[in-house]
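Okay, here's what each chain looks like letter by letter:
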Amino acid sequence: MSSRQSLLARSLAKPNWRAPDARVALRAWARGGQPLTAFAHEHSILIAKLRRWRSRLGDVPPAVVFHRVLVRRTQDRKPEPAQGPRVELVARGGRRVLVRRGFDSELLQEPARCAGG
């Protein structure tokens, strides 16, 4: 068990939270990216307790939401020499992100790093 997990376990075990305990729980929820209700159910916490502390603290980072995507390697039908193969990310609802050869992979990872991922 990592120190982060043991800190979460200790905080969740307390019947009456203080602000540091609530911050630990709310940050764990934010890092996990799941709905607040799912996090509460998974950890046997009253949803109202989490909402009350979230409202009180206000400085807890918002949850990161991840969406399932379909990843396809494709070849342009009439590729220009600079284009070549590409990777296409297709999200629910048909939104697409096309990543062509030469794309800066660090740039694609930046949103996750900014969100603490």
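Quick caveat: nothing in here was measured; it's all calculated off a predicted structure.

How each quantity is defined
Residues numbered from 1 in each chain as written. Predicted model: local features only at pLDDT ≥ 70, side-chain atom pairs only at ≥ 80, totals over all residues. Heavy atoms only, no water. Helix = DSSP H or I, 4+ residues; strand = E, 2+ residues; numbered from the N terminus. Buried < 20%, exposed > 50% of the residue type's maximum accessible area, 1.4 Å probe, protein only. Contact = heavy atoms within 4.5 Å. Areas by Shrake-Rupley, 256 points an atom, 1.4 Å probe, with all protein chains shown as cover. Phe/Tyr/Trp six-rings, centres within 6.5 Å; stacked < 30°, edge-to-face > 60°. Lys NZ or Arg CZ within 6 Å of the ring centre and 35° of its normal. Salt bridge = Lys/Arg side-chain N within 4 Å of Asp/Glu carboxyl O. Expected span 1.5 Å × (residues − 1). Core = buried A, V, L, I, M, F, W, Y, C linked by side-chain atoms within 4.5 Å. Arc of directions from axis to C-beta.

Peer 1: Looking at this model, I keep getting lost on the overall build of the protein chain. Mind explaining?
Peer 2: For the protein chain, the helix and strand inventory stands at five helices and three strands. The linear arrangement of helices and strands in the protein chain, starting from the amino end, is α-α-α-α-β-β-β-α. Per-residue burial over the protein chain gives 25% buried out of 117 residues. Restricting to contacts in the protein chain with at least 6 residues of sequence separation, those with at least 24 account for 35%. In the structure as shown, the protein chain presents an accessible area of about 8800 Å², 54% of it carried by carbon and sulfur atoms.

Peer 1: For this particular structure, what's the right way to read the packing of aromatic side chains?
Peer 2: The geometry of an aromatic ring pair comes down to the distance between the two centres and the angle between the two planes. Enumeration according to the criterion identifies zero aromatic pairs in this entry. Above the ring of Trp17, the side-chain terminus of Lys49 is found at 4.3 Å from the ring centroid. Positioned over the ring face of Trp53 is Arg56, at 4.8 Å from the centre of the ring.

Peer 1: Explain unusual backbone geometry to me, please; I cannot follow it from the model alone.
Peer 2: Most peptide bonds adopt trans geometry, and most residues besides glycine take a negative phi value. Positive phi is not limited to glycine here, since Ser44 has a value of about 55 degrees. The exposure class assigned to Ser44 is exposed, which follows from its relative accessible area of 69%.

Peer 1: Honestly, the pattern of salt bridges in this entry has me stumped. Any pointers?
Peer 2: One side chain can pair with another of opposite charge once the charged atoms of both are near each other. If you walk through the whole model with that rule in mind, you get one salt bridge. For Lys14, the salt bridge identified is with Asp21, shortest N-O distance 3.0 Å. Classification of Asp21 as buried rests on a relative accessible area of 7%.

Peer 1: Help me understand helix α2 (residues 19-32) in this model?
Peer 2: Relative to the 20 Å expected for 14 residues at 1.5 Å per residue, α2 spans 20 Å between its end C-alpha atoms, a close match to the ideal helical length. Within α2, the full set of buried residues consists of Asp21, Ala22, Val24, Ala25, Leu26, Ala28, Trp29 and Ala30. Downstream of α2 by one or two residues, Gly33 has phi in the positive range, about 75 degrees.

Peer 1: Hey, could you run me through the nonpolar core in this one?
Peer 2: In a soluble, globular protein the nonpolar side chains are often hidden away together inside. Core analysis: the largest hydrophobic core is formed by 15 residues, its most contacted members being Trp17, Leu26, Phe39, Ile45, Leu50 and Trp53. Elements that contribute at least two residues to this core include exactly α2, α3 (36-42) and α4 (47-57). Here this core takes six residues from α2, the largest share from any one element. Those residues in contact with Leu50 that lie beyond four places of it in its chain are Trp17, Ala25, Leu26, Leu36, Phe39, Ala40 and Ile45.

Peer 1: What's the story with α4 in this structure? I'm lost.
Peer 2: Two residues of an α-helix separated by three or four positions point the same way, owing to the 3.6 residues in each turn. The complete set of buried residues in α4 reads Lys49, Leu50, Trp53 and Leu57. Mapping the buried residues of α4 onto a view down its axis gives an arc of 95 degrees, with all of them on the same face. Phi for Gly58, located one or two positions after α4, is positive at around 60 degrees.

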